[in-house]
Amino acid sequence: MDRSKSKKVVINNILAKKNELKEGIVVRSTGSWYNVKTEEGIVIQCRIKGKFRLNGLRVTNPVAVGDKVMYYIENEVENTGMIKKILPRTNYVVRESPRRAHHLHLLASNIEQAIVLVTIKNPLLKPGFIDRFLLMTAPFDIPTYVVVNKADLHEEEDDELFNGLRYIYNRAGYNAILVSALENKGLDLLKTILKDKITLIGGHSGVGKSTLVNAVEPELDIRTQDISDYSGKGQHTTTFATMHDLSFGGSIIDTPGIKNLSFNNFEPMDVAHNFKEFFELSKNCRFSDCLHLNEPNCAVKNAIEADEASELRYFNYLGIMEEVQNQNYWERNKEL
């Protein structure tokens, strides 16, 4: 083989190795760059190549934390790569984009369970947020826990309110637990729940998400910030969704504080089907397409009147249903 041919073979081998596709998992999303953990446990920064869609839906971020991807090394010196393909997802969690109307934002994918973290005080509880979060995880039947933090601040009436919440959500098929990140209350139970699972954790800013994660896994040392004295609301400390490995097994996906949750990707029947205890009751409704509003012989409304289902959950259901029904269908479904 002459020298020119030999050189060409070497160059081709280098290029082939450079463009070799490898599998990794996205552990952090910053909008334009994605941190991908390789099979060797090394984290490299990647961009995306091409356009990705989510089942025809318009999303602001086509790649999410938890995504398994195929990538290739683009620059070995700078340790950067290019995501070429997203592997099939087992599930995903989306919310309405807070910045672009009629678009969705991917929070995470391929999760095994979720936690909605709330507080009864500091900041004050917003029960409607719990049901909105549960509606976000219900389409894929993702097991979700309602975790109430800051038990150290509770007075007797606050514990009574928690017991009421636990009764409501246990009856609806969800587990509710009480914890205190500062006093280590309930953390052993929480660790048992988290062990060997990929868990999405979400909640309003200020509910102590970062403090709780630090209490569960002190080595992470995630930055925390106090409640604003002026507004009484939380201040954002987590800027981007990030996956953290747990020393006792499993991973948590920490998400930025969520101000509100809306559902521009839902139709009214989606809401009816994803309040799961109402869906079970709906088998006894007179009409198969019952939305549990003003229809006669509605099993859900009958259960509410008989105190066999939560009036609070139904109240929140009505608010979401009205919101979804008032959405402009043609605007939401126009072509790009």
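Residues numbered from 1 in each chain as written. Predicted model: local features only at pLDDT ≥ 70, side-chain atom pairs only at ≥ 80, totals over all residues. Heavy atoms only, no water.

## A word on the overall build of the protein chain
Within the protein chain, the regular secondary structure consists of 10 helices and 13 strands. Counting across all 336 residues of the protein chain, residues that qualify as buried make up 49%. In the protein chain, of all internal contacts separated by at least 6 residues, the share reaching a separation of at least 24 is 66%. Here the protein chain displays about 18,000 Å² of accessible surface, and carbon together with sulfur accounts for 49% of that area. (Helix = DSSP H or I, 4+ residues; strand = E, 2+ residues; numbered from the N terminus. Buried < 20%, exposed > 50% of the residue type's maximum accessible area, 1.4 Å probe, protein only. Contact = heavy atoms within 4.5 Å. Areas by Shrake-Rupley, 256 points an atom, 1.4 Å probe, with all protein chains shown as cover.)

## What about the nonpolar core?
Core analysis: the largest hydrophobic core is formed by 56 residues, its most contacted members being Val271 and Tyr317. Counting residues per element, this core draws most heavily on helix 2 (residues 127–137), which supplies 6 residues. Sequence-distant contacts of Tyr317, that is, excluding residues within four places in its chain, are made with Val271, Ala272, Phe275, Phe278, Leu291 and His292. The next biggest cluster of nonpolar side chains, apart from the first, holds 20 residues, and it includes Ala181, Leu190, Ile193 and Ile222. (Core = buried A, V, L, I, M, F, W, Y, C linked by side-chain atoms within 4.5 Å.)

## What about the confidence of the model for the protein chain?
Here the protein chain shows a mean pLDDT of 86. Residues at 70 or above account for 85%. At the level of individual helices and strands, the protein chain shows its lowest average pLDDT in helix 1 (residues 3–18), which scores 50, and its highest in strand 9 (residues 144–149), which scores 98. Residue range residues 9–16 is modelled with pLDDT below 50. Its contacts to residues more than four positions away, or to other chains, number 1 contact. Of the regions scoring below 50 in pLDDT, residues 226–238 engages in 30 contacts with residues more than four places distant in sequence or in other chains. (pLDDT = per-residue confidence, 0-100.)

## Digging into the side chain of Gln327
Tracing the sequence through the fold places Gln327 in the loop between helix 9 (311–325) and helix 10 (329–332). Among the polar contacts made by the side chain of Gln327, one reaches the main-chain carbonyl oxygen of Phe263 at a distance of 3.5 Å. (Polar contact = N/O pair within 3.5 Å; in protein donor to acceptor, adjacent residues only side chain to side chain.)

## Focus: helix 9
Because the α-helix completes a turn every 3.6 residues, residues three or four places apart line up on one side. A rise of 1.5 Å per residue sets the reference length of helix 9, with its 15 residues, at 21 Å; its end C-alpha atoms lie 21 Å apart and thus fit the reference within 8%. Among the residues of helix 9, Arg313, Tyr314, Asn316, Tyr317, Ile320, Met321 and Val324 are the ones counted as buried. Here the buried residues of helix 9 occupy an arc of 160 degrees about the axis, which is enough to place them on one side. Opposite its buried face, helix 9 presents the exposed residues Glu311, Phe315 and Glu322, each directed more than 90 degrees away. Buried residues in helix 9 make contact with helix 2, helix 3 (156–171), helix 6 (268–274), helix 7 (276–281) and helix 8 (299–305). For helix 9, the side-chain oxygen to backbone nitrogen distance between the N-cap and Leu312 is 3.2 Å, and the N-cap itself is Ser310. (Expected span 1.5 Å × (residues − 1). Arc of directions from axis to C-beta.)

## Quick look at the pairing of strand 6 (residues 92–96)
Burial of strand 6 is extensive: 4 of the 5 residues sit out of reach of the surface. Bridge count for strand 6 against strand 7 (residues 104–109) is 5 bridges, and the pairing is antiparallel. Considered in strand 7, the bridge of Val93 is made with Ala108. (Pairing = 2+ DSSP bridges.)

## Quick notes on the packing of aromatic side chains
For the coordinates displayed, the defined rule picks out 8 aromatic pairs. Measuring from ring centre to ring centre gives 5.6 Å for Phe278 and Tyr317, while their planes differ by 90 degrees; the resulting arrangement is edge-to-face. Of this pair, Phe278 sits in helix 7 while Tyr317 sits in helix 9, and the two are 39 residues apart along the sequence. Overall, the relative accessible area of 0% leaves Phe278 in the buried class. You can call Tyr317 buried: its relative accessible area is 0%. Geometrically, the ring pair formed by Tyr314 and Tyr317 is stacked, given 6.0 Å between the ring centres and 15 degrees between the ring planes. Of this pair, Tyr314 and Tyr317 both sit in helix 9, 3 residues apart, which is roughly one turn of the helix. Take Tyr314: its relative accessible area is 11%, and that puts it in the buried class. Members of the aromatic cluster, joined through ring pairs, are Phe275, Phe278, Tyr314 and Tyr317. (Phe/Tyr/Trp six-rings, centres within 6.5 Å; stacked < 30°, edge-to-face > 60°.)

## What to know about the packing of helix 2 against helix 9
As a packed pair, helix 2 and helix 9 sit with axes 10 Å apart at the nearest point and diverge in direction by 65 degrees. Between helix 2 and helix 9, the interaxial angle falls into the category roughly perpendicular. Between helix 2 and helix 9 lies a crossing of right-handed hand. Facing helix 2, whose interface residues are Pro127, Gly128, Asp131, Arg132, Leu134 and Leu135, helix 9 presents Leu312, Arg313, Asn316, Ile320 and Glu323. Among the residues forming the contact of helix 2 with helix 9, the class breakdown is 5 nonpolar, 2 polar and 4 charged. (Axes fitted to C-alpha atoms, helices over the stretch in contact; angles between N-to-C directions. Parallel < 35°, antiparallel > 145°, perpendicular 65-115°, else oblique. Left-handed = near helix turned anticlockwise from the far one by under 90°. Nonpolar A, V, L, I, M, F, W, Y, C, P; charged D, E, K, R; others polar.)

## Comments concerning unusual backbone geometry
Note that the residue after Asn122, namely Pro123, is joined by a cis bond; omega there is 0 degrees. Checked against the element boundaries, Pro123 lands in the loop between strand 8 (113–119) and helix 2. Phi at Asp196 takes a positive value of approximately 65 degrees, unusual for a residue other than glycine. Among the secondary structure elements, Asp196 is positioned in the loop between helix 4 (187–194) and strand 11 (198–203). Of note in this structure, Asp307 is not a glycine but carries a positive phi near 60 degrees. Considering the arrangement of structural elements, one finds Asp307 in the loop between helix 8 and helix 9. Residue classification places Asp307 among the exposed positions, given a relative accessible area of 55%.

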